[in-house]
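The chain contents come next:
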Amino acid sequence: MQPMKFKVGGRAFAQIAEFHPELTAFRRDLHAHPELGFEEVYTSARVREALRAAGVDEVHEGIGRTGVVGVIRGQGRGSGSMIGLRADMDALPMTEHNDFAWKSCKSGLMHGCGHDGHTAMLVGAARYLAGTRRFDGTAVLIFQPGEEGLGGARVMIEDGLFERFPVQAVYAMHNWPAMKPGTVGINDGAMMAAADRITIEITGRGGHGAHPYQTVDVVLVAGHIITAVQGIVSRNVRALDSAVISLCAVQAGDLGAFSVLPGQATLVGTVRAFDPAVQDMVAQRIKDLCNAIALGFGATVTVRYERIYPATINTAGEARFAGDVAAALVGEDNVDRDLEPSMGAEDFSFMLQARPGAYLRLGQGMGAGNSTLHNSRYDFNDDVLPLGAALHAGLVEQAMLLADGQ
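What you see is a predicted model, and the numbers here were worked out from it, not measured in a lab.

Focus: the UniProt feature "binding site: Mn(2+)" (unreviewed entry) in the protein
Sites flagged by UniProt as "binding site: Mn(2+)" (unreviewed entry) map to Cys113, His115, Glu148, His174 and His374. Spanning 262 residues, the named residues nonetheless gather at one spot, since no C-alpha pair among them exceeds 13.1 Å. Residue placement: glutamate 148 occurs in the loop between strand S4 (138-144) and helix H5 (152-158). Judged by relative accessible area, glutamate 148 falls into the partly exposed class, the value being 23%. Turning to its location among the elements, histidine 174 is positioned in strand S5 (residues 169-176).

Quick word on the pattern of salt bridges
Going through the model one piece at a time under the given rule, you end up with 21 salt bridges. Residues arginine 48 and glutamate 61 are paired through a salt bridge, measuring 3.7 Å at the closest nitrogen-oxygen approach. Of this pair, arginine 48 sits in helix H3 (residues 41-54) while glutamate 61 sits in strand S1 (residues 58-63), and the two are 13 residues apart along the sequence. What makes arginine 48 buried here is its relative accessible area of 17%. A salt bridge links arginine 73 to glutamate 58, with the shortest nitrogen-to-oxygen separation between them at 2.1 Å. With arginine 73 in strand S2 (residues 67-73) and glutamate 58 in strand S1, the pair connects residues that are 15 residues apart, well separated along the chain. Residue classification places arginine 73 among the partly exposed residues on the basis of a relative accessible area of 26%. Judged by its relative accessible area of 25%, glutamate 58 is partly exposed. One network of salt bridges, with partners in common, ties together Arg27, Arg28, Asp116, Asp379 and Asp382.

Considerations on the domain arrangement of the protein
Segmenting the protein into domains produces domain 1 (11-192 + 311-399) and domain 2 (194-309). If you average the C-alpha positions of domain 1 and of domain 2, the two centres end up 37 Å apart. Opposite the 19 residues of domain 1 that make contact, domain 2 presents 9 residues. For the domain 1 and domain 2 pair, buried surface summed over both sides reaches about 910 Å², with 70% attributable to carbon and sulfur atoms. Ranking the residues of domain 1 by area buried against domain 2 places Ala311, Met343 and Ala345 at the top, with a combined share of 59%. Viewed at the interface, domain 2 and domain 1 are joined by 0 salt bridges. Across the contact surface, domain 1 and domain 2 share 5 residue pairs in polar contact (both at pLDDT 80 or more). For the side of domain 1 that touches domain 2, the secondary structure elements donating two or more residues are strand S7 (190-192) and helix H10 (348-354).

Scoring rules and cut-offs
- Residues numbered from 1 in each chain as written.
- Predicted model: local features only at pLDDT ≥ 70, side-chain atom pairs only at ≥ 80, totals over all residues.
- Heavy atoms only, no water.
- UniProt positions renumbered as here; feature names shortened; annotations may be inferred.
- Helix = DSSP H or I, 4+ residues; strand = E, 2+ residues; numbered from the N terminus.
- Buried < 20%, exposed > 50% of the residue type's maximum accessible area, 1.4 Å probe, protein only.
- Salt bridge = Lys/Arg side-chain N within 4 Å of Asp/Glu carboxyl O.
- Domains from an automatic or database assignment.
- Contact = heavy atoms within 4.5 Å.
- Buried area = accessible area lost by both parts, 1.4 Å probe.
- Polar contact = N/O pair within 3.5 Å; in protein donor to acceptor, adjacent residues only side chain to side chain.

What follows is the structure in structure tokens.
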């Protein structure tokens, strides 16, 4: 293990750093055995095993299908406080192109987003908190399945997560390659955009490419729709607001049938925005434009607009508190409290709709082996494992301070 190239203070970090090699081995084992959302059987078993070995008070399984929840009670019980910490566990359906010893052993599956690292950091926090218990209240450690497009947070909530564990606040963090190791980013509002899915199905009349006048050309209609919807953001969204519309896939015809005009075409894409009112407007404008264009060419169209994830919105008080905890670890100069929001999406948003809380970014850098997220050569930076675990632990200890003399 190479020495860390950044400075971190605090008792929690010092103690967690002592078992850094074990956390690294745990993380790399998860990386080598990736599992998709709601299929995290091996991952959940490893988490349960680690929590029991750490001495947590309760380990609950099967919440949200493959989710795991650990409960740790502090030295003090008088406050009745309960704080939640969440880590996601699932991998991605992509092929890994790394060549290190812990690369994926499963064809077409990879931890390309660092959820293996998130899980390991929360396990590290569990080991520290169960060993020290320097807080007054209860820590609830939430290991969530199915973040990558499957809404595992929503499924855990529907399965009674917050009824069984009524936390007053909940926190999560995500590694961020664009930020240097030893830095933390947060803001007191939108951290991630809402993610919506668009499916546009166009029906016309197929025929011979030599006689297009006998057809209703769905490829032509699709082209006009693709061009027209790009005017929505520039001409209908206020300049001070934000939105992205991307039509990302087109399916029409057969590549081997160069002279056949198809009778159907499908477009699939995504809309990203922070404001629900902007989402509503964009959804209506897409439907209006598609219907008008299809009508103009004699085709018919069906537009399906699905709300997948809401925007991830930090509550102001919890964001300030999380920033203070981070500053105590890495210094105020290494905490960006006005981090630029991302147009990516995150299903921790469902938890933030149900409870106050905050979502942080943990810098991990883009050195050798640390490419951007969702990249086939990505790997989590193990150097930041103790920092992430200490940040989790600090959120619990500082939110539920022991009374003097305890």
